[in-house]
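Commentary on secondary and tertiary structure
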Amino acid sequence: MATYAAPLREIRFVLNEVLNAEQLSKLPGYEDATPDLFDAVLEEAAKLCVNELLPLNLSGDKEGCHYENGVVRTPAGFKEAYTKFIDGGWTSLSCDPDFGGQGMPHLLELVVQELICSCNISFGMYPGLSHGAYNALAQHGTDELKQRYLPKIVDGTWSGTMCLTEPHCGTDLGLMRSKAEPRGDGSYAISGTKIFISAGEQDLTENIIHLVLAKLPDAPPGVKGISLFVVPKFLPNEDGTPGIRNGVMCGSIEHKMGIKANSTCVMNFEGAQGWLIGEAHKGMRCMFTMMNAARLGVGMQGLGLSEISYQTAAAYAKDRRQMRSLDPKKQDHTASADPIIVHPDVRRMLMTMRANTEACRALAYWVGMLLDISHKHPDPEKRLEADDLVALLTPIVKAYLTDHGFNAANLAVQVHGGHGYIHDYGVEQFVRDARITQIYEGTNGIQALDLVGRKMPQNMGRLMRRFFHPVSAYLETQMENPNMLEFLGPLAKAFGKLQMATATVAQKAFARPEEAGAASSDYLRLFSLVALGYMWAQMAEVALKKVESDDKAFYEAKLINARFFMQKLLPEHGALFVNIMAGGKVLMELPAEAF
Amino acid sequence: MKLLVAVKRVIDYNVKVRVKADQTGVDLANVKMSMNPFDEIAVEEAVRLKEAGIATEVVVVSLGVLQSQETLRTALAMGADRAILVQTDAELQPLAVAKLLKAVVDKEAPQLVILGKQAIDDDSNQTGQMLAALLDWPQATFASKVVVAGSEATVTREIDGGLETLAVSLPAIITTDLRLNEPRYASLPNIMKAKKKPLDVIDPASLGVDIAPRLTTLKVTEPPKRQGGVKVASVADLVAKLRTEAKVI
């Protein structure tokens, strides 16, 4: 059975001991964001997630969503849980107080997302998508649009969606066909078919606010001709209540591999009334406001799933008895077999899950904190530096954390043996739920291209230097600490390879762009391993200072996991490096018709 | 009407309790602590009385270490108006707690004091009763339903034989049982507001109460491990064993 307790001690370790997140409370507007408030918020969030959302995860997967005549019904219990969720004000956490938000840092929002995603990723997507719509409207909408829609999205009585994909255009939005015709009153008539629209239709909220990409009649071709519109399911009355039905209908829902309790909809727009967000033809820019936040959010889905996968597998491994320990001294002769956690290969799986998850958490929270600094720091130079790092690390968080989420779920099935393959144990669901996270919000291949094609060359490599310089400086200062050498040695080696690979890819790509494409996924993974190694080195540094404290067991476990990462996981960088250096020629040799 | 609710910070009900190696007590180092579940029910009941317009102010009080402030903040986030911590690192036994609470009651003059029937750490089930005796107020313990009207509270109690209904005149003491209500989740805005609500910390010495323990803990041990059972062949066999071996019938 799924086993999960919110890892609040782990979370506090990263927030308070590694990142010193208290620094956020020094930023204007975040004065209340102190560690004791974080604690109080997370305690309550954990209670709600574990008591209300987790029990609906397996039943929601089994039942799925129901579609009938354009109406979608979510699985039993979802409506009640959503009501509790919005009554608690959880949709308002990081939103602007001007629209009823609580004005808390994005970092705290990310942490709460981790808890939600561990317990029920399908549920989490309903408020998650609304938050994406909130971001785009808050940043690019007119005051009138903001006043009309934001308060109800913030309090959760209305939800939001992102309508991008069409049957023939997924990754390549330049192929878009949906049209927007001016109606002469400042609004537009939107027509077209959108597919794969998460939470496009549901029975949780009284109105659904679609953010839709479409082309104006005078639009230039390609992605430079796309505009963003807000299209409500019900047109709001003057008093703010939902009024007449707009011309947007859910045509069907998809039957899919995972996240079955979240509705994935075909949305048909037939002259639906909509209003422009931001400038005409500049919709992609607005959409990326949503996408960047959403990509971090998808990373948290990977993290959340890896955490519950680990906890479930660890509990099972301590309980399930099969075979004898290979070490006679460790055999338990009061029983006829030993718990499988005695077996080295089971430990290999559990520690691979855990050592990755803990470093992924540190990385994601660091990016969350940088996001807040990039918005609120009074010094423009600090803001720019943080913004650069967020831009650089977002594809890493999205791709690596979701790859790890899937791998961890898969390992959890393996630890369970045959029982892991059985639905009622709840573990195979994690695999199916995790699989989409590697695909949506830009496939992980697209994330890799974003990293090598966009982030690497940006401002003559300025973004890369924002990461490389602090790592170099850290290695240099820490080298004087003899207890740190066992962690710094492997990190320095991998970091050196990353720098060489970076120079090589940048140089080759300049002459032949296909080389960047060929190297991209390996390069993203190499970069990720170095970033996680950097996180582990910092976590080990904290643990070394506290290992003699009264929480000895916690810090000793940190050091063992740091060691495991350096000895058993980081070496993968060597193979990645060799792959990258071999270049991409061989990939392109086979003619397409030979496939 | 002013209500006073007493809350205790205890080891979390989900935590597997470990006895210290030297048998002096239970290991509390780095263990998750939270509000005693019966006290959560007491806070919930008080907040509901306030929401129903019967109570005007809900004051929560805790006695113990500095970290009990977190427990008080939880109560404030659930809807209590202000908090008092009588801060001490000393071991507090039920009589000392009752005496300290009496001193707080004398100062605050509430019309009703609601407490959990017992705390899940020591399971004493004494404080409410002792407080009633010290104040010479009526008491209604193990409440599963509370109706306050005018100067009287009608309380349904869970007793061995079923349910008993008592009317007590106010001021009075009520202790809560599990079925009284289901405590709410604190909402995010209320968690934020709780941070700004008043929380007074007072020194037990200023209350002029003798809190010296009257009982000495000799040692703390885990309950004996459960022995494996046996399968009996027949009902007659079972009855015989119950009679001759277990000696329960």
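Criteria and thresholds
- Residues numbered from 1 in each chain as written.
- Chains lettered and ligands numbered in written order.
- Predicted model: local features only at pLDDT ≥ 70, side-chain atom pairs only at ≥ 80, totals over all residues.
- Heavy atoms only, no water.
- Helix = DSSP H or I, 4+ residues; strand = E, 2+ residues; numbered from the N terminus.
- Rg over C-alpha atoms; globule rule 2.2 N^0.38 Å.
- Contact = heavy atoms within 4.5 Å.
- Areas by Shrake-Rupley, 256 points an atom, 1.4 Å probe, with all protein chains shown as cover.
- Lys, Arg positive; Asp, Glu negative; His and termini not counted.
- Charge placed at Lys NZ, Arg CZ, Asp CG, Glu CD.
- Buried < 20%, exposed > 50% of the residue type's maximum accessible area, 1.4 Å probe, protein only.
- Pairing = 2+ DSSP bridges.
- Axes fitted to C-alpha atoms, helices over the stretch in contact; angles between N-to-C directions.
- Parallel < 35°, antiparallel > 145°, perpendicular 65-115°, else oblique.
- Left-handed = near helix turned anticlockwise from the far one by under 90°.
- Nonpolar A, V, L, I, M, F, W, Y, C, P; charged D, E, K, R; others polar.
- Domains from an automatic or database assignment.
- Patch = residues over 30% accessible without salt bridge, like charges linked within 9 Å, V, L, I, M, F, W, Y side chains within 5 Å.
- Salt bridge = Lys/Arg side-chain N within 4 Å of Asp/Glu carboxyl O.
- Core = buried A, V, L, I, M, F, W, Y, C linked by side-chain atoms within 4.5 Å.

Secondary structure summary: chain A contains 17 helices and 11 strands in total. The globule rule puts the C-alpha radius of gyration for 595 residues at 25 Å, and the 24 Å found for chain A is close to it. Along the three orthogonal principal directions, the C-alpha set of chain A runs to about 80 × 60 × 60 Å. Considering only contacts in chain A between residues 6 or more positions apart, those separated by 24 or more positions represent 74%. On chain A, roughly 23,900 Å² of surface is accessible, and the fraction owed to carbon and sulfur atoms is 56%. Separation between the mean location of the 57 positive side-chain charges and that of the 68 negative ones in chain A comes to 5 Å.

The step from B:Leu170 to B:Pro171 runs through a cis peptide bond, and the omega angle for that step is 0 degrees. Tracing the sequence through the fold places B:Pro171 in the loop between β9 (162–169) and β10 (172–176). Although it is not a glycine, A:Asn459 adopts a positive phi angle of roughly 45 degrees. Mapped onto the secondary structure, A:Asn459 falls in the loop between α12 (444–455) and α13 (462–478). Its relative accessible area of 41% is what places A:Asn459 among the partly exposed residues. Its identity as a non-glycine residue notwithstanding, B:Asp136 has a phi of 60 degrees, on the positive side. Within the secondary structure, B:Asp136 sits in the loop between α4 (127–135) and β7 (139–149). Classification of B:Asp136 by relative accessible area gives exposed; the value is 70%.

Here we take up the sheet that holds strand β4 (residues 57–64) of chain B. Residue and element names in this part refer to chain B. Read from one edge of the open sheet, 9 strands run β9-β8-β7-β10-β6-β1-β4-β5-β11, paired in mixed fashion. Across the chains shown, the open sheet's two edge strands, defined by having one partner strand only, are β9 and β11 (199–202). Averaged over all adjacent pairs, the angle separating strand axes in this sheet is 30 degrees, with direction ignored. In terms of strand pairing, strand β1 (residues 2–6) meets strand β6 (residues 112–116) through 4 bridges, oriented parallel. When the bridges of β6 are listed, Leu3 appears paired with Leu112. Of the strands in this sheet, β1, β4, β5 (82–87), β6 and β11 are in contact with helix α3 (residues 94–108), which crosses β4 at around 150 degrees. This element, α4, spans β6, β7 and β10 of the sheet and lies at about 180 degrees to β10.

Attention now moves to the pairing of β7(B). Residue and element names in this part refer to chain B. Sheet topology note: the β7/β10 ladder contains 3 bridges and is parallel. Each bridged residue has a counterpart across the sheet, and for Ala140 the counterpart in β10 is Ile174. Bridging between β7 and strand β8 (residues 152–159) involves 6 bridges; their strand directions are antiparallel. For Lys145, the partnering residue across the bridge sits in β8 and is Thr156. Taking the residues between adjacent antiparallel strands as the criterion, β7 and β8 are bridged by 2 residues, where Gly150 takes a positive phi near 60 degrees.

Turning next to the packing of helix α9 (residues 344–376) of chain A against helix α10 (residues 380–416) of chain A. Residue and element names in this part refer to chain A. Running from N to C, α9 and α10 point in directions that differ by 155 degrees, and their axes come no closer than 8 Å. Comparing the axis directions of α9 and α10 gives the class roughly antiparallel. In this structure, α9 meets α10 at a crossing whose hand is left-handed. Here the contact of α9 with α10 is built from residues that sort into 24 nonpolar, 7 polar and 3 charged.

Residues and elements named next belong to chain A. At a minimum axis distance of 9 Å, the contact between α10 and α13 shows a crossing angle of 95 degrees. Here α10 lies roughly perpendicular to α13, going by the angle between them. Judged by residue contacts, Glu381, Leu384, Glu385, Asp388, Leu389, Ala391, Leu392 and Leu393 of α10 engage Arg462, Leu463, Met464, Arg466 and Phe467 from α13.

Now for the domain arrangement of chain A. We note that the domain assignment places domain 1 (54–88 + 120–281) and domain 2 (459–584) within chain A. The straight-line distance from the C-alpha centre of domain 1 of chain A to that of domain 2 of chain A is 40 Å.

It is worth spelling out a nonpolar patch on the surface at this point. Residue and element names in this part refer to chain B. Residues Val235, Val239, Val248 and Ile249 make up a contiguous nonpolar surface patch of roughly 370 Å² in combined accessible area. Secondary-structure assignment places Val235 in helix α6 (residues 235–244). The exposure class assigned to Val235 is exposed, which follows from its relative accessible area of 63%.

The next subject is the nonpolar core. Residues and elements named next belong to chain A. Ranked by internal contacts, the top residues of the largest apolar core, which has 244 residues, are Tyr365, Trp366, Phe467, Tyr523 and Phe527. If you tally residues by element for this core, the top one is helix α15 (residues 513–546), at 18 residues. Taken domain by domain, the makeup of this core includes at least three residues from each of domain 1 (54–88 + 120–281) and domain 2 (459–584). In this structure Phe467 touches Trp366, Leu389, Leu392, Leu393, Phe527, Val530, Ala531 and Tyr534, once residues within four positions along its chain are discounted.

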